[in-house]
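# Coordinate analysis (summary)
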Amino acid sequence: MRLDKFLKVSRIIKRRTVANEACDAGRVMVNGKTAKASQNVKPGDILEIAFGQKTVKAEVLSLTESVKKEDAKEMFRYL
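Just so it is clear, the model here is predicted, and its values are computed rather than measured.

### Section: the pairing of strand S3 (residues 46-51)
For strand S1 (residues 28-30) and S3, the ladder comprises three bridges, and the chain directions are antiparallel. Of the residues in S3, the one forming a bridge with Met29 is Glu48. Taken together, the six bridges between S3 and strand S4 (residues 54-60) define a ladder with antiparallel strand orientation. Counted as the bridge partner of Phe51 is Lys54 from S4. Taking the residues between adjacent antiparallel strands as the criterion, S3 and S4 are bridged by two residues, where Gly52 takes a positive phi near 65 degrees.

### A look at the side chain of Asp45
When you line up the elements, Asp45 lands in the loop between strand S2 (33-34) and S3. Residue classification places Asp45 among the buried residues on the basis of a relative accessible area of 4%.

How each quantity is defined
Residues numbered from 1 in each chain as written. Predicted model: local features only at pLDDT ≥ 70, side-chain atom pairs only at ≥ 80, totals over all residues. Heavy atoms only, no water. Pairing = 2+ DSSP bridges. Helix = DSSP H or I, 4+ residues; strand = E, 2+ residues; numbered from the N terminus. Buried < 20%, exposed > 50% of the residue type's maximum accessible area, 1.4 Å probe, protein only.

The following block contains the structure:
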């Protein structure tokens, strides 16, 4: 699954365009490397997202094309 789509579906970032912009600005890293929005993610990958002064670190647990709001949190876990 594409990184920008995963961020939107898992609701880490609310909109796919915002996820795209974050990736283009170099604020998203996958396994310690700066990632483009088109990069594929898989279970076990570690994501680091810089939100201003705060950095969020999460591990990808599962990939689902569409998911209900309540179940979105099961796609990742914060580290």
